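Here are the chains, one letter per residue:
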Amino acid sequence: MKASSVAALFGLTAVSFLVRVRSLDVQILGGDELHLLQVITSQTPSTIVGLVTDTDFSIPLALLLRGLSALWPLTEWGLRLPVLLVGSFTPAILFLGVRRVIPEAPAGLLSLIVLGHPLFIFYSRFLRPYGLCVVLVFLVFLLLLRVHRSARGGFWSLALVSVLAALSSWIHLVSLISVAWLFLTAFLSIFVFRQESKGERCRETSLGHSGHSSEISLGHSAGKKGARIRRALGRGISLGRSPGKEGARILGFGFFTLLLTCVLYSPALSGLREQILQDNLGQGGLTSEVLWRNASILSGWPGKSGALVLTGLACTGAFLLLVRRKPHLLFWILMPVAGQVITLIVLNPRLLYFSFVLARYLFYVLPFVLLLAAIGLDAVIKFGVGKIPLRERQKSVVAFLVGVLLISLGLWFGPYRRIYDGSSSFSHHNVFQTFSYLQSPRWLAASERSYSAPIPPLYRQLGAEDELLVEGPPANAFFDNVYAYYQWFHARPVVFVAPADSFWGSPRLKLKNVVILGPSGPSRQLPSGTKVVLHRSMLEEISLALGHPPSLKATAVFSKRMIETLSLELRKLCGPAVQRDKTVEVYIWP
């Protein structure tokens with residue numbers, strides 16, 4: 001690889017990292033992140049490897065973090081580092097992979113789209129396994145496609161495919177749907193496209209590797225020369241590789257992948273079986289509203305406009321593949337997407353009516369849709385640039401720069417800036433990821449500092465000197481997180497305060513954004529005069545501020561015991577409360 005290409009990839013990864021770490025240091029762990037946190041602070045490795053719950057905490061990720069926490073206490077950065085690194089390298093990984101399949105221009109556009117896509121950014125910051133699996137699933141796609149187009153046997157490539165596919169399924173079981181459909185795609189493509197000559201497949205592979213020409217850039221590649229090759233070599237695969245034998249080999253490695261997945265899950269098979277039986281299939285509650293909102297999330301742009309633009313570009317890319325006589329590539333792209341959608345519709349698992357749940361399950365095939373969209377976007381840009389009186393190479397450069405400009409503008413004026421502008425310690429809240437903050441009157445009222453907003457009077461009395469708020473008890477779920485709502489009103493950085501006997505106070509953790517109170521004193525010092533707000537009637541506040549009754553989990557989290565423990569510790573540290581009403585107590589940090 002040329003030095004300029006290495007430098008470009010390094011720059012791409014650096015920008016990707018910078019985009020993903022914006023305001024990450026002030027984000028409080030919460031929501032589904034805490035499933036993993038509770039496991040690594042309460043379970044041993046021997047227990048974790050056999051533990052299956054309905055939280056999808058990811059056994060291998062839990063084992064990794066549990067092992068690291070045995071070496072030194074983990075901060076928020078340490079906990080999120082695995083997903084952050086993989087997410088930062090994802091644009092470069094996708095570019096290196098797809099440039100062997102499509103020209104470098106649309107491959108570069110794909111990497112830029114992924115770099116700035118809100119869903120890819122979110123799962124590079126959030127302590128969940130989806131960002132890890134999406135890369136593995138796409139690598140399985142690229143390797144299987146390479147085997148399909150190769151003139152050689154591809155035994156070791158298929159072995160690597162099996163390892164990556166099983167690892168992805170172990171990290172998150174839902175990705176098994178994606179890899180199963182990819183194996184089915186590989187099997188069917190042998191027979192659907194068996195007329196394609198082995199010589200032409202070799203020729204296309206070498207063109208894709210060159211980085212300058214590739215299969216979709218040659219509109220005439222299947223013309224007279226291709227016909228002469230087919231007449232000379234006959235029925236392609238049947239000369240060097242029997243379709244039946246090749247199909248049997250694909251199925252064999254597919255079953256080997258399933259066997260390897262079962263081996264990885266073997267300590268947890270009984271729990272996994274019970275969990276599958278207990279899962280309420282057929283109760284997802286899919287509606288047209290959920291589907292539209294999910295399409296918006298996947299497009300990375302609020303409202304129906306983003307979904308329509310993405311669909312239009314993807315359809316353009318699909319049409320171009322057909323026009324340029326590459327139906328096999330279109331088949332490989334569309335099959336796993338259709339398979340994932342069909343499987344989820346048929347199974348219709350519980351909680352699917354939450355848009356972000358459906359989005360995370362479709363996230364694994366989102367790169368395939370974006371691949372088509374990148375091809376379509378490249379064609380649209382080149383059509384416009386084609387009217388400029390420049391040389392072809394200059395037009396290609398200008399077209400790519402236009403693509404960079406468009407995606408940069410989308411990143412700058414899109415939801416990214418508003419979500420991660422640093423004014424919220426809870427930007428991982430569901431209301432941001434579903435773009436609901438744009439439509440919800442309650443959230444809008446808070447953001448506009450409306451005095452009619454249902455919040456404790458304390459927040460109206462904060463002065464300019466109050467640069468930080470400490471609040472407790474900690475909120476575990478985002479569903480019942482009034483702190484995020486309050487912060488839209490008071491706009492002060494927030495940290496939690498928690499008792500030492502909660503999982504927040506585990507010796508395996510050393511969190512920056514949670515102050516632990518215990519017999520040995522607070523886990524970190526704060527500026528003198530910082531207000532500490534203890535909410536004594538959190539369940540009532542949830543009903544008032546968020547407009548829905550508290551969940552059963554909230555009833556357990558905001559228990560009287562925890563509140564009383566915090567109140568006792570705060571009185572020891574700060575003295576008596578300086579302000580008290582029916583909902584809150586306010587202490588001043590010494």
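Residues numbered from 1 in each chain as written. Predicted model: local features only at pLDDT ≥ 70, side-chain atom pairs only at ≥ 80, totals over all residues. Heavy atoms only, no water.

Undergrad: Could you give me a rundown of the overall build of the protein, with the residues and numbers involved?
TA: A tally of helices and strands in the protein yields 28 helices and six strands. The proportion of buried residues among the 590 residues of the protein is 54%. Here the analysis covers contacts within the protein between residues at least 6 apart in sequence; of these, 77% occur between residues at least 24 apart. For the protein, the exposed area adds up to about 25,400 Å²; of that, 66% sits on carbon and sulfur atoms. (Helix = DSSP H or I, 4+ residues; strand = E, 2+ residues; numbered from the N terminus. Buried < 20%, exposed > 50% of the residue type's maximum accessible area, 1.4 Å probe, protein only. Contact = heavy atoms within 4.5 Å. Areas by Shrake-Rupley, 256 points an atom, 1.4 Å probe, with all protein chains shown as cover.)

Undergrad: Would you mind going over the pattern of salt bridges in detail, with residue names and values included?
TA: Under the definition given, this model contains nine salt bridges. Lys-512 serves as the salt-bridge partner of Asp-25, at 3.9 Å between the closest nitrogen and oxygen. On the criterion of sequence distance, the pair formed by Asp-25 in the loop between helix H1 (3-20) and helix H2 (33-42) and Lys-512 in the loop between strand E2 (494-499) and strand E3 (514-517) is long-range, its members being 487 residues apart. Residue Lys-512 is classed as partly exposed on the basis of its relative accessible area of 43%. Glu-33 is the partner of Arg-80 in a salt bridge, and the nearest nitrogen-oxygen pair spans 3.1 Å. (Salt bridge = Lys/Arg side-chain N within 4 Å of Asp/Glu carboxyl O.)

Undergrad: Go over the nonpolar core, please, and point to the residues and values.
TA: Grouped together as the largest cluster of nonpolar side chains are 159 residues, with contacts concentrated most on Leu-37, Leu-79, Phe-141, Leu-144, Phe-368, Tyr-459 and Trp-504. For this core, the element with the highest residue contribution is helix H8 (residues 130-149), accounting for 15 residues. Among all residues touching Tyr-459, those that are not within four sequence positions of it are Leu-469, Glu-471, Tyr-486, Phe-489, His-490, Val-533 and His-535. With 16 residues, the next largest nonpolar core counts Val-497, Ile-563, Leu-570 and Trp-589 among its residues. (Core = buried A, V, L, I, M, F, W, Y, C linked by side-chain atoms within 4.5 Å.)

Undergrad: An account of the packing of aromatic side chains is requested, with residue identities and associated values reported.
TA: Using the criterion set out here, one finds 24 aromatic pairs in the structure. Relative to Trp-488, the ring of Tyr-437 has its centre 6.3 Å away and its plane inclined at 50°; by these criteria the two rings are tilted. You can see Tyr-437 sitting in the loop between helix H23 (430-433) and helix H24 (441-447) and its partner Trp-488 sitting in helix H25 (residues 482-490), a full 51 residues away along the chain. What makes Tyr-437 buried here is its relative accessible area of 1%. Residue classification places Trp-488 among the buried positions, given a relative accessible area of 11%. Consider the rings of Tyr-485 and Tyr-486, whose centres lie 6.1 Å apart with planes at 50°: the pair is tilted. Tyr-486 carries the same exposure label as Tyr-485, and that label is buried. The rings of Phe-120, Phe-122, Tyr-123, Phe-126, Tyr-130 and Phe-363 are connected pair by pair, giving a single aromatic cluster. (Phe/Tyr/Trp six-rings, centres within 6.5 Å; stacked < 30°, edge-to-face > 60°.)

Undergrad: Tell me about unusual backbone geometry, and name the residues and values.
TA: In this structure, the amide linkage connecting Gly-472 to the following residue, Pro-473, adopts the cis form with an omega of 0°. Mapped onto the elements of the fold, Pro-473 is located in the loop between strand E1 (469-472) and H25. Not every positive phi belongs to a glycine, and Asn-348 is a case in point at roughly 45°. Summarising the element assignment, Asn-348 is placed in the loop between helix H18 (327-347) and helix H19 (355-362). On the basis of relative accessibility, which here comes to 15%, the residue Asn-348 falls in the buried class. Look at Ala-491: it is not a glycine, yet its phi comes out positive at around 55°. With respect to the helices, strands and loops of the structure, Ala-491 is situated in the loop between H25 and E2.

Undergrad: Mind laying out the sheet that holds E2, listing which residues take part and the relevant values?
TA: Read from one edge to the other, the open sheet built from six strands follows the order E3-E2-E1-E4-E6-E5, with strand pairing classed as mixed. Each having just a single partner strand, E3 and strand E5 (579-580) make up the two edges of the open sheet. One ladder, built from four bridges, connects E1 with strand E4 (residues 531-535); its direction is parallel. By the bridge assignment, Glu-471 is partnered in E4 with Val-533. Relative to E1, H25 is tilted by about 155°, and along the sheet it contacts E1, E2 and E4. (Pairing = 2+ DSSP bridges. Axes fitted to C-alpha atoms, helices over the stretch in contact; angles between N-to-C directions.)

These values are about where atoms sit, not about what they do.
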